[in-house]
Amino acid sequence: MKKTGRAKRSMALLLALCMGFCLLMAGCASKPEVESPGTSGAPSAAPGASQDVSSPSGPKQGGVLRYASGNGIVSPGYTPECTNNASLLFLTTAYESLVTYAEDGSTVGLLATGWEIDADEPSITWTLRENVKFADGEPFNAEAVKRNIEEYQSKERTETAVITAMEVIDDTHIKMVLSNWSSSAVESIGFFVYYMSPKALEDVDALRTSSCGTGPFQVSEFNPGVSIKYTKNANYWQEGKPYLDGVEIYVVEQQTTLSSAFQAGEYDMIMLADMTIASDLMAMGSTASGTIVNETNTNGQGLTICGLIPNSADAGSPFADARVRRAMALAVDSKAICDAFGYGVYTPTDQWATPEAITYNTDITPLGYDQDKARALLAEAGYPDGFNTTLTVSPYVSDYFTAAAAMLDEVGIHCELNMVDNATEVSMYSTGNWEGIMGHYATISPDLGLYMGRHLDYNGTFYAAGIQHPEDHMELLEKIRASSDEKEKLDYEWQLQALIYDQETGSALFGKPLLVIKNMYYKYDYLKDDGRAVCEANIWSIADAWMDK
Amino acid sequence: MQSVIVIFIVTLMVFLLMQLVPGDAVTNFLGASATESQIEYYTKLFGYDQPVLVQYFKWLGGLFRGEMGRSISLQMEISDVLVQRLQVTLSIVLPAFVIAVVIGVSLGIVAAKNRGTVLDSLISVVANIGMSMPMFWFGLMLILVFANILHILPTSGYVYPQDDLGAAIRHSVLPVTVLALNYMSQFCRQTRSSMLEVIRQDYVTTAKAKGVSARTITFRHQLRNALIPIVTVMGASLGAMVGGTVLVESVFVIPGLGNLMISAIKARDFMVVENGVLVISVVVAVCNLVVDVLYGVIDPRIRND
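Our subject in this report is the structure included herewith. (Residues numbered from 1 in each chain as written. Chains lettered and ligands numbered in written order. Predicted model: local features only at pLDDT ≥ 70, side-chain atom pairs only at ≥ 80, totals over all residues.)

### Some words on the packing of helix 14 (residues 448-456) of chain A against helix 15 (residues 471-482) of chain A
Residues and elements named next belong to chain A.
Part 1 of the argument: Helix 15 packs onto helix 14 with a crossing angle of 145 degrees between their chain directions and a minimal axis gap of 10 Å. Of the two possible hands of crossing, helix 14 and helix 15 adopt the one that is left-handed. Residues Leu448, Gly449, Met452, Gly453 and Leu456 of helix 14 pack against His473, Met474, Leu477, Ile480 and Arg481 of helix 15. (Axes fitted to C-alpha atoms, helices over the stretch in contact; angles between N-to-C directions. Helix = DSSP H or I, 4+ residues; strand = E, 2+ residues; numbered from the N terminus. Left-handed = near helix turned anticlockwise from the far one by under 90°. Contact = placed C-beta atoms within 7 Å.)

### Some words on the environment of A:Ile358
Part 1 of the argument: Here A:Ile358 shows up in the loop between strand 15 (346-348) and helix 11 (371-380).
Part 2 of the argument: Note: C-alpha distance between A:Ile358 and A:Ile117 (241 residues apart in sequence) is 22 Å.

### Thoughts on the nonpolar core
Part 1 of the argument: The biggest cluster of nonpolar side chains holds 227 residues, and the ones touching the most others in it are A:Ala331, A:Ala404, A:Leu408, B:Ala96 and B:Leu179.
Part 2 of the argument: Residue-level mapping places this core at the junction of two domains, with at least three residues from each of domain 1 (2-77) and domain 2 (79-304) of chain B.
Part 3 of the argument: With residues up to four places along the chain from it excluded, the contact list for A:Ala331 reads A:Gln371, A:Ala374, A:Met407, A:Leu408, A:Glu410, A:Val411 and A:Ile413. (Core = buried A, V, L, I, M, F, W, Y, C linked by C-beta atoms within 7 Å. Buried ≥ 20, exposed ≤ 12 C-beta atoms within 10 Å, placed from the backbone. Domains from an automatic or database assignment.)

### Focus: the interface of chain A and chain B
Part 1 of the argument: With 38 residues of chain A in contact, the opposing surface of chain B contributes 44 residues.
Part 2 of the argument: Counting residues per element, the ones that place at least two in the side of chain A that touches chain B are helix 1 (2-28), helix 7 (255-263) and helix 13 (422-431) of chain A.
Part 3 of the argument: Per-class residue counts for the side of chain A that touches chain B are 16 nonpolar, 16 polar and six charged. (Nonpolar A, V, L, I, M, F, W, Y, C, P; charged D, E, K, R; others polar.)

### A word on helix 11 of chain A
Residue and element names in this part refer to chain A.
Part 1 of the argument: Three or more residues of helix 11 are buried, namely Ala374, Leu377 and Leu378. Buried positions in helix 11, seen along its axis, are confined to an arc of 100 degrees and lie on one side of it.
Part 2 of the argument: The inward-facing, buried residues of helix 11 contact helix 9 (322-331) and helix 12 (398-411).
Part 3 of the argument: Of the residues one or two after helix 11, Gly382 is the one with positive phi, at around 100 degrees. (Arc of directions from axis to C-beta.)

Shape is all these values report; function is a separate question.
This is the structure we're talking about:
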């Protein structure tokens, strides 16, 4: 009996100790102090500032980079099926395109060393890089380019739809005849086609789960929706590169877990979507694994722009009236939203570009923030008491849209928040089937002709079915596209920005651009690069990356 | 037969309900920049242009030929994906279930045998905490303590046992613990209450009077008679665990069936959802069948009836 009593006591004590330990450890866990917006003492890696990652010893060979984000890929090897921006990171690890972007956002050759434009014919003649081989040893030449373009065309890819004929001049020259000239053609054809070995294209099913490109790494293991592992491409054409032995990319959707795993040193680099968690990381500054660096850029390349887009196509909607759209734009204080929610990562903007981008028109008098003027415009449009409407947003970006809704409410635009998941949101803006206002959240491109075409064109795929298509806007868009002179094109792009966002004459067709979100990529300071940034969404210069640890 | 009808109704309902969800698989797969011709191409390729009931019966017909179809969002055969993901889920669920049964039933017996004592109260408190603590929160707390503070376990991820058994065990400790704790509490409470019902029965008093050992009385006379409701709860729980691990899989980034279903719903990949529901329904039906068989083993009178 005595023994039984002792056993009971021991068990009770053990249970109590376990509980106490867990509660104590949880209680001891220090929450990182989050800095108030606007205060000094920025984290060691100040967002927006470029990091000096140079090392006196130079790049080191070896190591495997472990990167995680919430984005996966469906078929990493069969490139025509990779259609969204999130795919670019995977694509550019194993594949290459004819052109890429320099750090300033300009287009530079990659698999092409040059190109000649004939805007009258119209055509582009590409000069291809010599001595480039695919991972399977097949040569990269004009025939390979032709075969890939044909594959893209068979999959109805818009980027290649403009090509009506191709002429292989020799191994390193190919001429593409276009149905009509577009100033975005070089970027569209040059950047969005990723070249696969023609031999590998004979078995598309096998290629879907592997890879065979000219890029620095090739897929060695693919677990859909979970992870993808790459190993060094022995045939890579850049001498001495890549520095890393391999790259492993993991899909981790749960943001808290992603951050915890990064802090525990399980990943070298992550991309966060949740601003609150990102701000905690920034405030933390460093962990046992090293100093946390916010990998960012300011040239407008690959950044995310957010805004409010009202449905102006519906004639019965108050937003069909430009005065109401202008009132909506005037009612929201972008700077206040950035200060409250941005933690230094958000930049207020009043145009469809980041303020540092080349297509941002500095001569425009912005619509600004003026609630009295907004009320007056609403009264003038016949809504002195305001009206009720809906603001549709996705949950990840609900914070600042909730704030925007509160500001709109102050002038009489009473918004009911409608939270939808990504698939519903895509369905809404691709069909134009949204009521009231949509919270816009998308990657921005510095080429306004390419970017705005998706919205302004009658058959554009983003919001186009839900907005008006005024003649003057369409004419300017056509001029941008038809321009074969960079300076002239830029001038038209600035005119288009003015037409949309100028204080006195703008149509506010796209409602209100609120802010630009700089990349929320975080890495440890031991992950460096040889020249350009390791990752800027559209520019994942992974061949240049190396690890100093 | 009853189970087959239930499974048929469940799959038909899921198929029809999924059609009401806004958004479609093709647009989601291609992205918002897809052109009409691209959308048309893939819609035809995957048979989404056909009437809903035609799609359903085509899928049903495919099942009889051993084909589940192809996933648009994963670009893989659905049967391959499901087998792979079910294995992962079972590798977490089964250890959690065994742990929950062993500890839960043991603690329930201890609590019942010590009714009204401090030990009983302590076990009841722990069981209540286990049941009421959200799995999501508990998982994050365990990550914080064991991965971020103590650095003794990984935060997340999954390693296949055949690749590295040690790493597989280390990666499984936290998710199995979270999953086991909740169900362990349920089994503990059920065992305690069932044991208390039989503990004062006449046959127990008779066995004591005959000098039967305490261990024999507990396991042969009391527990066996208390087992029917416990086994019922266990059967229902095992089915629920397979279909309901989504929170644990999400927190610990485990590529199991729950995560697959959530991704498929987000991608509007209805065929994956449909087949996933089918697999879960079959698992639940099998669990119920096993429970029915166990009733007969535990109580021969049921078998004779």
